[in-house]
Each structure stands twice: as structure tokens, then as C-alpha cells.
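The lines below spell out each chain.
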Amino acid sequence: MLSVRKISKRFNNKQVLADVSFDVKKGSIFALIGPNGAGKTTTIRCILKAIDADSGIVEFMGEKINAVTKQKIAAVSEDRQVFRNFTAYDYERLYSSVYPQWDGEVFNRLVAKYNFDLSQRVETYSIGMKTLFLVVLAISTNAELLILDEPTQHLDPTVRYEVMRLIKEYASSGKSCIVSSHEMFELEEYATEFAIINAGKVIYTDSIDSAKEKHRVFRAGESIGTGDIIGIVGDEILVRVSGEVTESGRFPKFQEIVVGYLTGKK
Ligand SMILES: Nc1ncnc2c1ncn2[C@@H]1O[C@H](COP(=O)(O)OP(=O)(O)OP(=O)(O)O)[C@@H](O)[C@H]1O
């Protein structure tokens, strides 16, 4: 569905992305995970062509991103910027005219469910309601791909839960979603695939299930057999097993895989 191949970007001579590559499959919820400043937002901006990568290729449904393919992608930016003075109703009119696949029924159902006041200016919504509204707008576009940059940041648990539920529901209908986030516990709940980005590089990408199969956590002093030491997780070590699957060690949790890669060799 989306193929990102060797995207690189420099800002003021600083290499911010270096050969970033990953694939997002149809129906998957793909998590872009990494610490502050890792390059997640820059990657998203390159995919959306909000900025031009210095090199590399992004293909969406077999084509380069252009005005037509962009109508099949909906995004919510990290800063949740909205037009000043635009009411929720103005947004509905804007999105329904820009996105040919706009689904008014879904929009109306979700507006009723969350009790949005369509006559209110969206900038005056609370951060939680604003985020939920922007996610509802994105979902109502019926786009093939949703890109959500830190969608649950600053949200209380109830709104977080609703945003996660909407994302899961969306992907279950065969659409795809890219979510950038630091929230590893949350991601384990709903993401299916992921890429860990650190200092502008993808250091590991896989499906969550396959990553768990390929790794084990060992206590200090335990024999790790054949395998590569990836990094330290608390008092234990994350190992990528190779050859025959070892009987020792335990299966890692998703967050242990992420922490292991982020603390390990770069
Ligand atoms: N327009 C710009 N000009 C100069 N540097 C930039 C610009 N945009 C991003 N950067 C730098 O690129 C690096 C990656 O930033 P980016 O916002 O992509 O990271 P991130 O992983 O999304 O971080 P966070 O989790 O904090 O949002 C940072 O060092 C940032 O300062």
C-alpha cells in the first residue's frame, strides 16, 4: 500500500533522516516509534509531500504521491493546527468538497456519538475534543490511509480510548493507518506493525507478532546460545535469536523490544 524507500533529509546541514525505509500493508496499523527528535514528524511530512525529501522514493498504491493519490490519504498533524474562525460545520463543508470519497453518514454518526457542536469554532474546542474531531474528520474522508502524528498526546484516558477505538475500527475495514507515538503500552494494544526510528534511521521494522517470535529476554548470567545481543532492558538483555529457536529466555513484551533496540548498538 505505502512503500517508503531510502528517504533522506537534511536541515541546515544536519542529517535528520538517513535512508529511511519501511512498508505499510493494507489493513495494518503501522507505528512509527522513536524518541523526541528522532525524525518521525519529518518522515510523515516527506510522505505527505509537505516537504521534499533530498532523496528517496515514496510510493502509495503503486504511484508517486500526487494530487490524485493525496485524496486517498488523510492526516492529523502533531500540533492539531486548525483554521482560525472555522466552525466544525465549515470543516465538514471543506473536507466533503476536497475528499471525493467523503462519508457523510459516518461523519454524522460520530458527530452525534461525541456530541460535537458543529456551530462552534474548532479552535475553541478543548484539546481532547479538537483531537477527536480531527480524527473523526480524517476517518470520514474514507481515505485509504490515515496518518496520525502523536494522536493521543495530551489526551485524558477516556478520549485516548475513543481515539484508539476509532483507529482500530478504521483498520478493521481494510484501511491502513500510520501512527507516530511514544506510547509503547498503548501501541501494543492496537498497532500491528512498527518501525523504530532513532537519530533519523530505521533501526528495526517488523510486525509486532513476528518481532516477538524473533526475540527473547535473558537474565544476566543466563546462557543466550546463538543470537545477537540487541540491548539492555532493565536488568535483562534483549537477544535476537537465530537458527533453532532456543528453549531458554522468555518472550519479550513489545515495549521491551523497543527499549532494547533504543538502548542497544546504533
Ligand atoms: N524545519 C526544520 N528546520 C530545521 N530542523 C528541523 C526542522 N524540522 C525538524 N527539524 C529537526 O529535525 C529533527 C527531527 O525532528 P522531528 O520533528 O522529525 O522529530 P520527531 O521524531 O517527530 O520528534 P518529537 O517526538 O519530539 O515530535 C529534530 O532535530 C528537529 O529539530
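Analysis parameters
Residues numbered from 1 in each chain as written. Predicted model: local features only at pLDDT ≥ 70, side-chain atom pairs only at ≥ 80, totals over all residues. Heavy atoms only, no water. Helix = DSSP H or I, 4+ residues; strand = E, 2+ residues; numbered from the N terminus. Rg over C-alpha atoms; globule rule 2.2 N^0.38 Å. Buried < 20%, exposed > 50% of the residue type's maximum accessible area, 1.4 Å probe, protein only. Contact = heavy atoms within 4.5 Å. Areas by Shrake-Rupley, 256 points an atom, 1.4 Å probe, with all protein chains shown as cover. Lys, Arg positive; Asp, Glu negative; His and termini not counted. Charge placed at Lys NZ, Arg CZ, Asp CG, Glu CD. Near = heavy atom within 4 Å. Polar contact = N/O pair within 3.5 Å; in protein donor to acceptor, adjacent residues only side chain to side chain. Nonpolar A, V, L, I, M, F, W, Y, C, P; charged D, E, K, R; others polar. UniProt positions renumbered as here; feature names shortened; annotations may be inferred. Pairing = 2+ DSSP bridges. Axes fitted to C-alpha atoms, helices over the stretch in contact; angles between N-to-C directions. Phe/Tyr/Trp six-rings, centres within 6.5 Å; stacked < 30°, edge-to-face > 60°.

1. Describing the overall build of the protein
No. 1: Helices and strands together make up the secondary structure of the protein, namely 9 helices and 13 strands.
No. 2: The globule rule puts the C-alpha radius of gyration for 266 residues at 18 Å, and the 20 Å found for the protein is close to it.
No. 3: With 266 residues in all, the protein has 48% of them scored as buried.
No. 4: When contacts within the protein are restricted to residue pairs at least 6 apart in sequence, long-range pairs at least 24 apart make up 67% of them.
No. 5: Accessible surface, the protein: about 13,000 Å² in total, of which carbon and sulfur atoms supply 50%.
No. 6: Both charge centroids of the protein, one from 34 positive and one from 35 negative side chains, sit 4 Å from each other.

2. A short note on the site of the ligand
No. 1: The ligand sits among 15 residues. The nearest are Lys 14, Gly 37, Lys 40, Thr 41 and Thr 42.
No. 2: Within the backbone of Gly 39, one N or O atom sits 2.9 Å away from an oxygen atom of the ligand.
No. 3: Lys 40 places a polar side-chain atom, nitrogen or oxygen, 2.8 Å from an oxygen atom of the ligand.
No. 4: When the free accessible area of the ligand is taken as 640 Å², the share hidden by the protein chains comes to 67%.
No. 5: Looking at the shell around the ligand, the elements that each hand over two or more residues are strand 2 (14-24) and helix 1 (40-47).
No. 6: Broken down by element, the shell around the ligand gets its largest block of residues, 3 residues, from helix 1.
No. 7: Taken together, the residues of the shell around the ligand sort by class into 4 nonpolar, 7 polar and 4 charged.

3. Some points on the UniProt feature "domain: ABC transporter" (unreviewed entry) in the protein
No. 1: As annotated by UniProt and renumbered to match this structure, "domain: ABC transporter" (unreviewed entry) occupies residues 2-224.
No. 2: This span, residues 2-224, is 35% helix and 30% strand, and a straight line between its end C-alpha atoms measures 37 Å.

4. Some remarks on the sheet that holds strand 9 (residues 193-198)
No. 1: A sheet is described by the order of its strands in space; here 6 strands give the open sequence 6-7-8-3-9-10, paired in mixed fashion. The two strands at the open ends of the sheet, each matched to only one other strand, are strand 6 (73-76) and strand 10 (201-207). Averaged over all pairs of adjacent strands, the angle between strand axes in this sheet comes to 15°, irrespective of strand direction.
No. 2: Bridge count for strand 3 (residues 29-33) against strand 9 is 4 bridges, and the pairing is parallel. Looking across to strand 9, one finds that Ile 33 is bridged to Ile 196.
No. 3: This element, helix 5 (residues 127-140), spans strand 6 and strand 7 (145-149) of the sheet and lies at about 175° to strand 6.
No. 4: In the packing of helix 9 (residues 254-263) onto the sheet, contacts are made with strand 3, strand 9 and strand 10, and the angle to strand 9 comes to roughly 25°.

5. Description of the packing of aromatic side chains
Each aromatic ring pair is specified by the distance between its two centres and by the angle formed by the two planes.
No. 1: Counting across every chain of the model gives 17 aromatic pairs.
No. 2: Judged by centre distance (6.1 Å) and plane angle (55°), the ring pair of Tyr 91 and Tyr 95 falls under tilted. Here Tyr 91 and its partner Tyr 95 are both found in helix 3 (residues 88-98), 4 residues apart, which amounts to about one turn of the helix.
No. 3: On the accessibility criterion, Tyr 91 (4% relative accessible area) is buried.
No. 4: Ring geometry for Tyr 204 and Tyr 261: centres 4.5 Å apart, planes at 5°, overall stacked. One end of the pair, Tyr 204, is in strand 10; the other, Tyr 261, is in helix 9, with 57 residues separating them in the sequence.

6. Digging into the side chain of Ser 28
No. 1: Structurally, Ser 28 is set in the loop between strand 2 and strand 3.
No. 2: Judged by its relative accessible area of 3%, Ser 28 falls in the buried class.
No. 3: Setting aside residues up to four positions removed in sequence, Ser 28 forms contacts with Lys 175, Ser 176, Cys 177, Thr 192 and Glu 193.

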